[in-house]
Amino acid sequence: MSILTELKPGDTLNSVTLEPVTRMDLIKYAGASGDFNPIHTIDEEAKKAGLPGIIAHGMWTMGNLSKLFSDYIENGFIEDYTIRFKNMVFLEDIITLNAVLTDIDGNRMHFSVNATNQKNQKVIEGKIIFKQF
């Protein structure tokens, strides 16, 4: 029996804390995603754009939220994903990913998710529907 089947609304998944964001993380993501906007990899370009330094791709942060469900890949998949970007992620930020089960609808589990930085500021928040097999 999967731990997922034991969850009830209000229960949380184990949080995931990422390693500090590095320039190499963002360079690799740029290559994988095709998003070569220099505000994500070149300090001078980010500053020219009015930023204090390079920022992580929003989709890099969003994609990392799926790590909350990695332990459950044999039980189902992420069927739907809705995210709101709240704050920027900078180099050396330490991001923590969180999920709370809000509802169960048949084999669909509805989660409220967020990612916070080391200052406990939300950088993204949203909803994920995990569909069990």
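Residues numbered from 1 in each chain as written. Predicted model: local features only at pLDDT ≥ 70, side-chain atom pairs only at ≥ 80, totals over all residues. Heavy atoms only, no water.

Tallied over the entire structure, the rule returns three aromatic pairs. When the centroid spacing of 5.5 Å and the interplanar angle of 15° are considered together, the rings of Phe69 and Phe130 count as stacked. Taken together, the positions of Phe69 in the loop between helix H4 (58–64) and strand S2 (76–85) and Phe130 in strand S5 (residues 122–132) put the pair 61 residues apart, joining distant regions of the chain. In terms of burial, Phe69 and Phe130 fall into one category: buried. (Phe/Tyr/Trp six-rings, centres within 6.5 Å; stacked < 30°, edge-to-face > 60°. Helix = DSSP H or I, 4+ residues; strand = E, 2+ residues; numbered from the N terminus. Buried < 20%, exposed > 50% of the residue type's maximum accessible area, 1.4 Å probe, protein only.)

Below, the discussion takes up unusual backbone geometry. Although it is not a glycine, Glu92 sits at a positive phi angle of roughly 75°. Within the secondary structure, Glu92 is located in the loop between S2 and strand S3 (96–105). When its relative accessible area of 53% is taken as the criterion, Glu92 is described as exposed. In this structure, Asn120 is a non-glycine residue whose phi angle is positive, near 65°. Mapped onto the elements of the fold, Asn120 is located in the loop between strand S4 (108–116) and S5. Among the residues examined, Asn120 registers a relative accessible area of 62% and is labelled exposed.

Counted according to the given criterion, the structure contains seven salt bridges. A salt bridge links Arg23 to Asp43; its shortest N-O distance comes to 2.9 Å. With Arg23 in helix H2 (residues 23–33) and Asp43 in helix H3 (residues 43–48), the pair connects residues that are 20 residues apart, well separated along the chain. Of the residues examined, Asp43 reaches a relative accessible area of 25% and is grouped as partly exposed. Between Arg108 and Glu79 there is a salt bridge, and its shortest N-O distance comes to 2.6 Å. With Arg108 in strand S4 and Glu79 in strand S2, this pair connects stretches of sequence that are 29 residues apart. Overall, Glu79 belongs to the partly exposed group, its relative accessible area being 33%. When salt bridges with common partners are traced through the structure, they connect Glu79, Arg108 and Lys131 into a single cluster. (Salt bridge = Lys/Arg side-chain N within 4 Å of Asp/Glu carboxyl O.)

With antiparallel pairing, the five strands of this open sheet are ordered in space as S1-S3-S4-S5-S2. Every other strand in the sheet has two partners, leaving strand S1 (16–17) and S2 as the edge strands with one partner each. In this structure, S3 lies alongside S4, joined through nine bridges in antiparallel fashion. Counterpart to Asn98 in the pairing with S4 is Asn114. (Pairing = 2+ DSSP bridges.)

Within the largest apolar cluster, 32 residues are counted, with the highest numbers of intra-cluster contacts made by Leu4, Leu13, Leu68, Ile95, Phe111 and Val113. Other than its neighbours up to four places away in sequence, Leu68 contacts Leu13, Asn14, Ser15, Val16, Leu97, Asn98, Ala99 and Val113. (Core = buried A, V, L, I, M, F, W, Y, C linked by side-chain atoms within 4.5 Å. Contact = heavy atoms within 4.5 Å.)

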